[in-house]
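In case you want the letters, here they are:
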Amino acid sequence: MPQTDAQAVADEELVGACVAGDRSAFDLLVGRHQRQIYKLCFRFVGNHEDASELAQDAFVRAYRALPKFERTAKFTTWLHRIAVNVCLNRLSVKRPPHEPFADVESAPSRDERADVAVLRQERAVWVRAAVARLPQKQRATLILRAYHDLPHDEIARIMGSSVSAAKANFCHALGNLKKLLGERVVDHHESPE
Amino acid sequence: MNHLSDVQFTAALEDELDPAGSAHLDACGACAAKVRGLRTVLASVLHAPVAEPSPLFWEHFGARVNKAIDSAQPPAAASWGWTANRGWLAAAAIVPLVMMIGALALYVIRSGADERSRPAPRTAAAEKPLDAGLPAGRAPAAVDTSDLAGDPPDDDRAWALMRSLAIDLHYDDAREAGILPRPGAIETAATELSALERAELVRLLQDELKRTGA
Ligand SMILES: [Zn+2]
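For the structure given in this document, a descriptive report is provided here.

What about the packing of helix α4 (residues 48-65) of chain A against helix α4 (residues 55-71) of chain B?
No. 1: Remark: α4(A) packs on α4(B), axes separated minimally by 9 Å, with the N-to-C direction vectors making an angle of 50 degrees. With respect to α4(B), the axis of α4(A) lies oblique. Like other packed secondary-structure pairs, α4(A) and α4(B) cross with a definite hand, here right-handed. Where α4(A) approaches α4(B), its residues His48(A), Ser52(A), Glu53(A), Ala55(A), Gln56(A), Phe59(A), Val60(A) and Tyr63(A) are matched on the opposing element by Phe57(B), Phe61(B), Arg64(B), Val65(B), Ala68(B) and Ile69(B).
No. 2: A per-class count over the contact of α4(A) with α4(B) returns 9 nonpolar, 3 polar and 2 charged.

Printed below as a string of structure tokens:
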């Protein structure tokens, strides 16, 4: 498929081409979504090595399952669902080497001369460590909503739950993060970026 | 007073709270404080970016996915591999079995011939392969078959063992292994043996299984 035409082709059409035997169509799908899927996996496991492996696994599973993809469904929802399942399966059998919360807590405090960028980086580590401590459904919901900006109904389809449950999970996730982060949370509306 | 539900808190964070919820939020300090707290946490979450891997990583990612797809064995191939392995296992198991059946059959034939015609003494070279699998002190004359000849096959240990071995051996496995006896050959061989001969066959098989660690 020529590159110029490919940009205009919908994901679902590429799926059709792929099922019909056009392997290059799947390459295009991978190229389009690899960053989102990698980031999703990284949010779950918190390290590059596992995230890249999980993202790869998600695409391999998606490729195998393409013949079962329903043309009425949205490809990104379907792909995210596969990736979330891959991540949750991994977490259920192996706890990846996430940035440990305890280590962050015992890290030496920055002196007052530390610049804003370093502080922000440190906060990001705290947040990732706290997210890693959330129950799996809350973590998945938070990641999909906050980082991937997916609407609640789409998250509900990915998680196989009701829309209300997805919204409640999001609230619970934030409430638990507030407890985990304690005083570390700051109002970013007031801090310089 | 009913405070906001979790669903309504999420809606409040996203500025989609219904009019009744909004009215409550204006009047309830506790709910307003909780929304502020959740909003602050959400802001912290949003300010925790993922480090972008190097461009080189993305250049190779698609190739890695393709390689993983190509290297993954389709179910049929995996099944074939298992069948092939089973074929070799079957071959390993059946070779001593066939050899022993042959040896025992020859042994029985020869012992019968000995009783009938008392042939001339055999040479050492001819005797060695026939006696190789037999224990010392088990002379053909010691095998008395008269009292067990009519035993039903299923009650016989030898027959049961032969059957279990034959059941475990799949036809395709034997063919894969290049060992394909004539249809019914094993059954014929076993049923033509007397009960004591079959008992001896069992003992030989068990010795062989112990020796090979199967
Ligand atoms: Zn209230």
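Here's the deal with the interface of chain B and chain A
No. 1: In this complex, chain B contributes 33 residues to the contact, which on the side of chain A involves 43 residues.
No. 2: When chain B packs against chain A, close to 3,500 Å² is buried across both sides, 68% of that on carbon and sulfur atoms.
No. 3: Considering only the surface of chain B that becomes buried against chain A, His47(B), Val50(B) and Trp58(B) emerge as the three largest contributors, covering 17% of it.
No. 4: At the surface where chain B touches chain A, the tally comes to 3 salt bridges.
No. 5: In this structure, the salt-bridge partner of Asp70(B) is Arg23(A), at a minimum N-O distance of 3.0 Å.
No. 6: Every element with two or more residues in the side of chain B that touches chain A is listed here: α1 (6-13), α3 (29-46) and α4 of chain B.
No. 7: If you tally residues by element for the side of chain B that touches chain A, the top one is α4(B), at 10 residues.

Re the nonpolar core
Residues and elements named next belong to chain A.
No. 1: Formed by 84 residues in total, the largest nonpolar core has its most connected members in Phe26, Phe44, Val84, Leu142 and Leu177.
No. 2: The element contributing the most residues to this core is helix α3 (residues 23-45), with 12 residues.
No. 3: Counting contributing residues, this core receives three or more from each of domain 1 (1-96) and domain 2 (103-193).

Describing the side chain of Arg139(A)
All names here are of chain A.
No. 1: Within the element layout of this structure, arginine 139 appears in helix α8 (residues 136-147).
No. 2: With relative accessibility at 3%, the residue arginine 139 sits in the buried group.
No. 3: With near-sequence residues (within four places) excluded, arginine 139 lies in contact with Arg43, Phe44, Leu91, Val131, Ala132 and Leu134.

A word on the coordination of the zinc ion
Residues and elements named next belong to chain B.
No. 1: For the zinc ion, the full set of protein donor atoms is His3 (ND1), His24 (NE2), Cys28 (SG) and Cys31 (SG), and the range of their distances to it is 2.0 to 2.3 Å.
No. 2: Around the zinc ion, the 4 donor atoms are arranged such that angles at the metal cover 101 to 121 degrees; this shape is classified as tetrahedral.
No. 3: Look at where the donors of the zinc ion fall in the sequence and you get H-x20-H-x3-C-x2-C.
No. 4: A residue is classified by how much of its surface remains accessible, and histidine 24, at 12% relative accessible area, is buried.

Details of the pattern of salt bridges
No. 1: All chains considered together, the criterion is met by 9 salt bridges over all chains.
No. 2: Glu14(B) is paired through a salt bridge with Arg145(A); the nearest N and O atoms lie 2.7 Å apart. Of this pair, Glu14(B) sits in the loop between α1 and α2 (19-27) while Arg145(A) sits in helix α8, on two different chains. Of the two residues, Glu14(B) and Arg145(A), both sit in the buried class.
No. 3: Within the structure, one salt-bridge network assembled from shared partners comprises Asp50(A), Glu53(A) and Arg90(A).

Quick word on the packing of aromatic side chains
Aromatic ring pairs: the centre-centre distance and the angle between the two ring planes describe each pair.
No. 1: The full count for this structure, using the stated rule, is 11 aromatic pairs over all chains.
No. 2: With a centroid separation of 5.7 Å and an interplanar angle of 40 degrees, the aromatic rings of Phe75(A) and Trp78(A) are classed as tilted. Separated by 3 residues within a single helix, Phe75(A) and Trp78(A) lie in helix α5 (residues 75-93), roughly one turn from each other.
No. 3: Residue classification places Trp78(A) among the buried positions, given a relative accessible area of 17%.
No. 4: With a centroid separation of 5.7 Å and an interplanar angle of 45 degrees, the aromatic rings of Phe57(B) and Phe61(B) are classed as tilted. With a gap of 4 residues between them, Phe57(B) and Phe61(B) both fall in helix α4, about one helical turn apart.
No. 5: Judged by its relative accessible area of 11%, Phe57(B) falls in the buried class.
No. 6: Aromatic rings pair up to connect Tyr38(A), Phe42(A), Phe59(A), Phe57(B), Trp58(B) and Phe61(B) into one cluster.
No. 7: Above the plane of the ring of Tyr63(A) lies Arg23(A), whose end atom (NZ or CZ) is 5.0 Å from the centre.

About the criteria used
Residues numbered from 1 in each chain as written. Chains lettered and ligands numbered in written order. Predicted model: local features only at pLDDT ≥ 70, side-chain atom pairs only at ≥ 80, totals over all residues. Heavy atoms only, no water. Axes fitted to C-alpha atoms, helices over the stretch in contact; angles between N-to-C directions. Helix = DSSP H or I, 4+ residues; strand = E, 2+ residues; numbered from the N terminus. Parallel < 35°, antiparallel > 145°, perpendicular 65-115°, else oblique. Left-handed = near helix turned anticlockwise from the far one by under 90°. Contact = heavy atoms within 4.5 Å. Nonpolar A, V, L, I, M, F, W, Y, C, P; charged D, E, K, R; others polar. Buried area = accessible area lost by both parts, 1.4 Å probe. Salt bridge = Lys/Arg side-chain N within 4 Å of Asp/Glu carboxyl O. Core = buried A, V, L, I, M, F, W, Y, C linked by side-chain atoms within 4.5 Å. Buried < 20%, exposed > 50% of the residue type's maximum accessible area, 1.4 Å probe, protein only. Domains from an automatic or database assignment. Donors = N, O, S within 2.8 Å, 3.2 Å for Na, K, Ca; no water. Tetrahedral: all angles 85-135°; square planar, octahedral: opposite > 155°, others 65-115°. Phe/Tyr/Trp six-rings, centres within 6.5 Å; stacked < 30°, edge-to-face > 60°. Lys NZ or Arg CZ within 6 Å of the ring centre and 35° of its normal.

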